[in-house]
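Chain by chain, the residues:
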Amino acid sequence: MRKEAEGRKGNLDYVRPEIFPDENDVKKATEQGKPITVRFAVPQTEQIVVQDMVRGEISFAAGEIGDFIILKSDGFPTYNFACVVDDYLMKITHIIRGQEHLNNTPGQQVLWQTLFPDIPLPKYAHMSVTISDTGGKLSKRERPTALRKAIKAPQEIDLEALAAAGDIGRDELDSFISGKTTPDMPNIDAMAKHLDVALPEINIVDFFKNGYLPETMVNFLALLGWNPGDNREIMPVEELTKAFDLSRLSKSNSLFDRQKLLAFNTEHIKMISAEKLLLHFKSYLKAIVSPIASADDELLSIIIKLCEGARTLAQIEQKSEFLFVDNDKIKFDDKAVKKVLLKSDGLAILAIVREKLAAMNELTEQGIEDMLRGLAEEKQVGLGKIAQPLRVAICGTTISLPIFDSVRLLGKENTLKRIDNTLKKFQTQT
RNA sequence: GGCCCCAUCGUCUAGGCAGGCCUAGGACACCGGGUUUUCAACCCGGCAACAGGGGUUCGAAUCCCCUUGGGGCUACCA
């Protein structure tokens, strides 16, 4: 390792001086106010061979690795220097990291060998990189990029309102749209929400907020670039830990497949214990600030149970949110209204259902089922024809908990009130 | 541009290092059918790959070379 004072303009390729600067040169440079950096003199006459646990021998030609800076002019060490010292201090035995670090390795290795000649080199393992479906490696920049694309899509967007929603200035928004700058993630998220566009999940919190289980993520991520060698895929974490083995890391890059992730999540929701699922669901509700968060454990457990087969916690939330909304605050989904209420005799059937429900003393699942099935038979139609108008009336959408349970949980009074509201609201539109 | 890594169904991958057991296995997706009160879930069936070209060998998905393709790195950032 030698010190050297670097010339003022360092934009040219660095050429090692014939004679290394000494203390005097440093002093002189300092007095003249010149910035000083320290470089590591990398041996230039022989090739550097790195032993990698997944890729085997990787060689770099002699002279390929230049003298890199280890101490910046501000006095701080660079990453490549600091991490070698760190690894030594922490007695690191295995360095397992992404392939993007492969090219840092020869430099770090030589540094280690010079600094700590008596300490064996850590073992290196460079894992494959996970590629996003948009091309490059999975990067947090994808979210702003996706948002920008959505803004640029051919449609009318109130930019003033958008800037306000994102809590940024209009000029800041313009700068973002033109690709010059990028606002912070919370602002990005707020704008995405305002425009109702889904940004790709990148950070682990993104997945969490979209209803994925931690167990799912661990399992899925583990299987990217690794596999147990048999046909097992969906595994509890303990099993995964037992099966894991560095020697089975694969060399080729993998693509992050969100559909498969969804399938994994579906399986894990089925697999984990009811207690764990309840805990996950509760923290999910808190994180997205759902009105359902106010429900007690008993009710939440019932809801979860009714959502057997759900793919994400978000689906469970969506299906049961209607139970926690005021009767007159139901948001009606246009498509649902058109399809089941306004088309054919949806409203007429709803009116009949209302009377039959009103006539019932007590709402039990069995009672509701018998009533609806009886009506379907009487009318010579499928149960769907009867159930769907009712569903839309009380939920605003065609997607909810099973209808009998929905009605029972909502209660007679609320159900009737919602039916009345619905009839009043849409009767004029037929 | 330079350097490095990689290459089996659309996707994740098994098999490759120890060539014949591979008419290439599984999973997701997709397509058909069933079940069904919505969305899911579930059941049955189906489609689908060794990037191309040269070698080596009795024999290659498996070993070697080239081409092509993909990815990474290329900061006084970490």
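Cut-offs used in this document
- Residues numbered from 1 in each chain as written.
- Chains lettered and ligands numbered in written order.
- Predicted model: local features only at pLDDT ≥ 70, side-chain atom pairs only at ≥ 80, totals over all residues.
- Heavy atoms only, no water.
- Helix = DSSP H or I, 4+ residues; strand = E, 2+ residues; numbered from the N terminus.
- Rg over C-alpha atoms; globule rule 2.2 N^0.38 Å.
- Buried < 20%, exposed > 50% of the residue type's maximum accessible area, 1.4 Å probe, protein only.
- Contact = heavy atoms within 4.5 Å.
- Areas by Shrake-Rupley, 256 points an atom, 1.4 Å probe, with all protein chains shown as cover.
- Salt bridge = Lys/Arg side-chain N within 4 Å of Asp/Glu carboxyl O.
- Core = buried A, V, L, I, M, F, W, Y, C linked by side-chain atoms within 4.5 Å.
- Near = heavy atom within 4 Å.
- Polar contact = N/O pair within 3.5 Å; in protein donor to acceptor, adjacent residues only side chain to side chain.
- Nonpolar A, V, L, I, M, F, W, Y, C, P; charged D, E, K, R; others polar.
- Axes fitted to C-alpha atoms, helices over the stretch in contact; angles between N-to-C directions.
- Left-handed = near helix turned anticlockwise from the far one by under 90°.
- Patch = residues over 30% accessible without salt bridge, like charges linked within 9 Å, V, L, I, M, F, W, Y side chains within 5 Å.
- Phe/Tyr/Trp six-rings, centres within 6.5 Å; stacked < 30°, edge-to-face > 60°.
- Lys NZ or Arg CZ within 6 Å of the ring centre and 35° of its normal.

### Comments concerning the overall build of chain A
Thought 1: Secondary structure summary: chain A contains 20 helices and 9 strands in total.
Thought 2: For chain A, the C-alpha radius of gyration of 31 Å lies well beyond 22 Å, the compact-globule estimate for 430 residues.
Thought 3: Overall size of chain A, expressed as C-alpha extent along the three principal axes, is 100 × 55 × 35 Å.
Thought 4: Taken across its 430 residues, chain A has 40% of its residues classed as buried.
Thought 5: In chain A, of all internal contacts separated by at least 6 residues, the share reaching a separation of at least 24 is 68%.
Thought 6: Carbon together with sulfur atoms contributes 52% to the accessible area of chain A, which is approximately 24600 Å² in total.

### Details of the pattern of salt bridges
Thought 1: Counted by the stated rule, this structure contains 19 salt bridges.
Thought 2: Taking the shortest distance from any N to any O, the salt bridge between D206 and R143 comes out at 3.2 Å. Of this pair, D206 sits in helix α8 (residues 204–209) while R143 sits in helix α4 (residues 142–152), and the two are 63 residues apart along the sequence. Grouping residues by exposure puts D206 and R143 together as buried.

### Remarks on the nonpolar core
Thought 1: Ranked by size, the top nonpolar core spans 52 residues in total, and within it V353, L357, L372 and L390 carry the most contacts.
Thought 2: The biggest single contributor to this core is helix α18 (residues 383–395), with 7 residues.
Thought 3: Leaving out residues up to four positions away in the same chain, V353 has contacts with M371, L372, L375, I386 and L390.
Thought 4: Counting residues in each nonpolar core, the second largest holds 19 residues, with F60, I95, L102 and L111 among its members.

### Section: the protein's contact with RNA strand B
Thought 1: Taken together, the neighbourhood of RNA strand B is formed by 58 residues, with R55, K72, E233, G309 and K319 sitting nearest.
Thought 2: Looking at RNA strand B alone, sugar and phosphate atoms form 73% of those within 4 Å of the protein.
Thought 3: A distance of 2.7 Å separates a phosphate oxygen of RNA strand B from a polar side-chain atom of K72.
Thought 4: Within the contact set of RNA strand B, a phosphate oxygen lies 2.6 Å away from a side-chain nitrogen or oxygen of N227.
Thought 5: Of all elements in the fold, only β4 (56–60), β9 (254–255), α11 (258–271), α14 (313–320), α18 and α19 (403–410) reach the threshold of two or more residues within the surface near RNA strand B.
Thought 6: Tallied by class, the residues present in the surface near RNA strand B amount to 16 nonpolar, 24 polar and 18 charged.

### Considerations on the side chain of Q108
Thought 1: By secondary structure assignment, the location of Q108 is in helix α3 (residues 105–115).
Thought 2: A distance of 2.7 Å separates a polar atom in the side chain of Q108 from a polar atom in the side chain of N80.
Thought 3: Once residues lying within four places of it in the same chain are set aside, the contact partners of Q108 are Y79, N80, C83, V84, R97 and Y124.

### Comments concerning the environment of G179
Thought 1: Topologically, G179 is positioned in the loop between α6 (170–177) and α7 (185–195).
Thought 2: By relative accessible area, which is 43% here, G179 ends up partly exposed.
Thought 3: Linking G179 and T145, residues 34 residues apart in sequence, is a C-alpha distance of 8.7 Å.

### Considerations on the packing of α18 against α19
The angle between the axes and the distance between the axes are what describe a pair of packed helices.
Thought 1: For the pair α18 and α19, interaxial distance at closest approach is 10 Å and the crossing angle is 35°. Judged by the sense of rotation from one axis to the other, the crossing of α18 with α19 is left-handed. The residues of α19 that touch α18, namely those facing L383, A387, L390, R391 and I394, are I403, F404, S406, V407 and L410.
Thought 2: Here the contact of α18 with α19 is composed, by residue class, of 8 nonpolar, 1 polar and 1 charged.

### Description of a nonpolar patch on the surface
Thought 1: On the surface, Y88, L89, M90 and I119 cluster together to form a nonpolar patch covering roughly 390 Å² of accessible area.
Thought 2: Relative to the helices and strands, L89 is located in helix α2 (residues 79–89).

### Observations concerning the packing of aromatic side chains
Thought 1: Under the definition given, this model contains 11 aromatic pairs.
Thought 2: Look at F207 and Y212: their rings are 5.9 Å apart centre to centre, the planes differ by 75°, and that puts the pair in the edge-to-face class.
Thought 3: With a centroid separation of 5.0 Å and an interplanar angle of 35°, the aromatic rings of W226 and F244 are classed as tilted. With W226 in the loop between α9 (214–222) and α10 (237–243) and F244 in the loop between α10 and β9, the pair connects residues that are 18 residues apart, well separated along the chain.
Thought 4: The rings of F207, Y212, F220, F256 and F264 are connected pair by pair, giving a single aromatic cluster.
Thought 5: In this structure, R39 packs its charged tip against the face of Y14, placed 3.7 Å from the ring centre.

Worth remembering: the numbers are spatial, not functional.
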